[in-house]
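Structural overview for review
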Amino acid sequence: MSENAIIKLIDVRKSFGKQTVHKQINLDIYEGKTTVIVGESGQGKSVIIKEILGLIKPDSGQVIVDGHDITKMKKKALEKIRSLFGVLFQSAALFDSLNVFENVALPLRERTDMSEEEIARQVDETLGIVDLDGSQDKYPAQISGGMRKRVGLARAIQLSPKIVLFDEPTTGLDPAKTEEIYRLFYSTQRKLGYTAVIVSHDVPKVFKLADYIAVLHDGYIQEFLPPEELQRSENPIIRAFLESTMGKIYSSEAEMVE
Amino acid sequence: MLRLINKLGELTLYYVNMLGRMGVFLVLSIIGIFRPPYKLFPILKQINSIGSQSIFVIAFTGAFTGAVLALQGYYTLRQFGSVGLLGSAVALSLIRELGPVLSALMVTGRAGSAICAEIGIMRISEQIDALDCMAIDPYRYLIAPKFVASLISLPALNFIFNIVGIAGGYVVGVLILGVNSGAFFSGMEASVTNDDIFMGALKSFAFGLLIVWICSARGFFVHLDRAGGFGAEGVSRATTNAVVLSSVAVLVFDYLLTAILI
């Protein structure tokens with residue numbers, strides 16, 4: 001492929017106790033593209049996100065981010081690499097003792113020398129992008145799940161990261177809120193041009209956003225293809241996965257008659 | 001038999017690991033104190049939470065401790081005809097021993113449990129992971145202000161405990177039991193030395209470090225707990241453990257410090 005892989009997982013293996021979650025993961029994430037990692041629950045999709053961030057260290061293998069193997073990095077170097085990322089957690093992971101404004105302002109206050117006026121201006125602007133004007137003073141416990149995800153997204157993109165990782169961004173949301181998150185994702189990515197990695201089991205909706213789909217099953221990435229090609233895949237594991245999530249896929253008229 | 005050896009090995013490894021983690025936690029937290037950017041507000045907020053909000057309970061405990069010391073001391077000293085020593089007996093017991101220990105135990109129960117629960121909840125709800133992901137050092141942002149606040153608050157609370165305790169002793173000894181006021185204070189002035197005050201202050205400083213270290217670390221590593229550090233139950237177990245461990249540590253270190261300093 002001609003594209004430049006900004007993240008590479010090479011022969012990554014990870015066990016928790018006696019359970020091997022990743023047997024041999026090989027995955028390339030291309031710069032500026034959207035890669036969606038799908039798979040059934042319990043296959044270790046979120047673990048890939050944590051391995052990319054260096055929060056979980058693989059038992060063996062390499063995780064290369066922007067040309068550096070983060071599995072061998074010390075704390076300080078890892079912090080530097082992490083500044084490339086924005087992360088939207090499954091639970092949004094907002095700081096529950098801080099209000100919406102303070103949550104979104106936190107990366108700016110801690111990682112930049114911006115004045116309070118500049119911070120206020122930028123936070124208001126970002127909250128406007130994610131349609132959260134007027135919610136600045138509310139605490140995470142006082143807002144809905146969808147709003148929490150939007151605050152999480154606002155916080156994730158606050159420092160214009162190169163890569164944004166989305167861990168199950170639409171889990172627990174109704175279809176309308178799901179559409180809204182996808183719309184926001186689309187508009188923010190167009191605006192900021194970040195590389196996106198989305199872990200999701202919202203198939204087939206999430207296919208619309210993806211440049212590439214990686215299917216995780218049984219500890220391996222079974223396929224890594226653009227969505228259209230994936231849907232034509234003859235791989236029985238992929239076909240079984242797609243059928244279980246999208247309903248039966250007919251490859252010929254004869255099959256339909258049967 | 002083999003299972004027993006296995007279990008023993010597992011336990012040993014767990015506790016060696018835990019000790020190592022606690023040690024690294026302490027070092028990283030102390031480094032966190034000196035890492036820029038330096039912000040005063042989070043420290044003041046923690047001083048309010050650990051220190052200011054403990055003043056009432058510390059003063060209350062101090063007053064009654066001083067009062068009961070005076071009461072017990074009066075009836076013991078009366079047998080030897082030396083009630084004039086009551087002031088120094090109350091002051092020395094408070095300054096050298098009871099002030100630092102009891103104020104530390106009260107802070108453990110009030111603020112230590114809150115520190116552990118707060119950090120534990122942040123851990124299980126991925127808030128600490130979120131800090132890591134934002135390249136914000138959780139030791140600097142979250143733990144260091146609690147360390148600084150505890151190291152400032154404990155000696156201050158100890159002094160409040162001592163002063164209120166002496167006042168409590170005065171009320172019972174002088175106002176109720178009729179010991180001579182001049183004898184009460186002159187005995188105190190003659191017997192309490194700078195070394196006694198230094199010993200009390202050093203103890204409360206050490207206890208401040210112990211409490212904040214144990215309580216923060218138990219919350220920070222709640223997810224690695226042997227009994228399963230998940231959810232509200234995991235946090236509640238970690239909090240109970242933190243309070244028990246801190247209280248025991250305070251008493252053990254009190255003996256050790258006394259043995260060294262005396």
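1. Quick notes on the overall build of chain B
- Of regular secondary structure, chain B possesses nine helices and zero strands.
- Secondary structure elements of chain B, listed N to C terminal, follow the sequence α-α-α-α-α-α-α-α-α.
- If you line up chain B on its principal axes, its C-alpha atoms span 65 × 55 × 30 Å.
- A burial count over chain B gives 44% of its 262 residues as buried.
- Across chain B, the fraction of contacts at a sequence separation of at least 24, relative to all contacts at a separation of at least 6, is 87%.

2. Here's the deal with the overall build of chain A
- If you tally the helices and strands in chain A, you get nine helices and 10 strands.
- The C-alpha atoms of chain A give 19 Å as radius of gyration, which agrees with the globular expectation for 258 residues (18 Å, within 12%).
- Principal-axis analysis of the C-alpha atoms gives chain A an extent of 65 × 45 × 40 Å.
- Of the contacts made within chain A by residues no fewer than 6 positions apart, 65% connect residues no fewer than 24 positions apart.

3. Digging into the interface of chain B and chain A
- Of the residues lining the interface, 12 residues belong to chain B; the matching set on chain A comes to 14 residues.
- No other element matches helix H5 (residues 127–133) of chain B, which puts five residues into the side of chain B that touches chain A.
- Residue composition of the side of chain B that touches chain A, by class: six nonpolar, two polar and four charged.

4. What to know about helix H1 (residues 2–34) of chain B
- Over its 33 residues, H1 of chain B extends 48 Å from the first C-alpha to the last, a length consistent with the 48 Å expected when each residue adds 1.5 Å.
- Little of H1 of chain B is tucked away, with one of its 33 residues classed as buried.

5. What about the nonpolar core?
- Judged by nonpolar contacts, the single largest core of 125 residues is most densely connected at Val-87 and Leu-165 of chain A.
- Among the elements that make up this core, the one with the highest residue count is helix H4 (residues 86–124) of chain B (17 residues).
- The contact partners of Val-87 of chain A, leaving out residues within four places of it in the chain, are Leu-53, Ala-156 and Leu-165 of chain A together with Ala-130 and Cys-133 of chain B.

6. Details of unusual backbone geometry
- Residue Pro-37 of chain B is reached from Pro-36 of chain B by a cis peptide bond, and omega for that bond is 0°.
- Inspection of the secondary structure assignment puts Pro-37 of chain B in the loop between H1 and helix H2 (40–51).
- The phi angle at Ala-93 of chain A is positive, at roughly 50°, despite the residue not being glycine.
- Relative to the helices and strands, Ala-93 of chain A is located in the loop between strand S6 (85–88) and helix H3 (100–111).
- For Ala-93 of chain A, a count of 24 C-beta atoms within 10 Å gives the class buried.
- Unusually for a residue other than glycine, Asp-218 of chain A sits at a positive phi of about 55°.
- Residue position: Asp-218 of chain A is located in the loop between strand S9 (212–217) and strand S10 (220–225).

7. Here we look at the packing of H4 of chain B against helix H6 (residues 138–176) of chain B
- With their axes 7 Å apart at the nearest point, H4 of chain B and H6 of chain B run at an angle of 145° to one another. Considering how the two elements wind past one another, H4 of chain B and H6 of chain B form a crossing that is right-handed.

8. Details of the confidence of the model for chain B
- Per-chain confidence: chain B averages 92 in pLDDT, with 99% of residues scoring 70 or above.
- Of the two predicted TM-score estimates for the complex, the pTM is 0.85 and the ipTM is 0.80.

9. What to know about the packing of H3 of chain A against helix H5 (residues 145–156) of chain A
Residues and elements named next belong to chain A.
- Where H3 contacts H5, the two axes come as close as 8 Å, and the packing angle between them is 25°. If you check the angle between H3 and H5, you find them roughly parallel. Between H3 and H5 lies a crossing whose hand is right-handed. Residues Val-100, Asn-103, Val-104 and Pro-107 of H3 form the contact with H5, whose participating residues are Val-151, Ala-154 and Arg-155.
- Across the contact of H3 with H5, the residue classes break down as five nonpolar, one polar and one charged.

10. Section: the pairing of S9 of chain A
Residue and element names in this part refer to chain A.
- Counting buried residues in S9 gives five out of six residues, a clear majority hidden from the surface.
- Summarising the sheet, strand S3 (residues 34–38) and S9 pair through four bridges and their orientation is parallel. Paired with Val-36 across the bridge in S9 is Ile-213.
- The pairing of S9 with S10 spans five bridges and is antiparallel. By the bridge assignment for S10, Leu-216 is matched with Ile-221.
- Linking S9 back to S10 in an antiparallel pair, the connection comprises two residues, with Asp-218 at a positive phi of about 55°.

11. With respect to the environment of Tyr-30 of chain A
- Within the secondary structure, Tyr-30 of chain A sits in strand S2 (residues 19–30).
- Ignoring sequence-local partners within four residues, the contact set of Tyr-30 of chain A consists of Glu-3, Asn-4, Ala-5 and Ile-6 of chain A.

12. Some remarks on the environment of Ile-43 of chain B
Residues and elements named next belong to chain B.
- Considering the arrangement of structural elements, one finds Ile-43 in helix H2.
- Sequence separation between Ile-43 and Gln-53 is 10 residues; the distance between their C-alpha atoms is 14 Å.
- Once residues within four sequence positions are removed from consideration, Ile-43 is found in contact with Pro-145, Val-148 and Ala-149.

13. Looking at the pairing of strand S1 (residues 5–16) of chain A
Residue and element names in this part refer to chain A.
- Examined bridge by bridge, S1 and S2 share eight bridges and lie antiparallel to one another. Bridged to Ala-5 within S2 is Tyr-30.
- In this structure, the hairpin formed by S1 and S2 is closed by a connection of two residues, where Gly-17 is found at a positive phi of approximately 65°.

Each value, and the rule that gives it
- Residues numbered from 1 in each chain as written.
- Chains lettered and ligands numbered in written order.
- Predicted model: local features only at pLDDT ≥ 70, side-chain atom pairs only at ≥ 80, totals over all residues.
- Helix = DSSP H or I, 4+ residues; strand = E, 2+ residues; numbered from the N terminus.
- Buried ≥ 20, exposed ≤ 12 C-beta atoms within 10 Å, placed from the backbone.
- Contact = placed C-beta atoms within 7 Å.
- Rg over C-alpha atoms; globule rule 2.2 N^0.38 Å.
- Nonpolar A, V, L, I, M, F, W, Y, C, P; charged D, E, K, R; others polar.
- Expected span 1.5 Å × (residues − 1).
- Core = buried A, V, L, I, M, F, W, Y, C linked by C-beta atoms within 7 Å.
- Axes fitted to C-alpha atoms, helices over the stretch in contact; angles between N-to-C directions.
- Left-handed = near helix turned anticlockwise from the far one by under 90°.
- pLDDT = per-residue confidence, 0-100.
- Parallel < 35°, antiparallel > 145°, perpendicular 65-115°, else oblique.
- Pairing = 2+ DSSP bridges.

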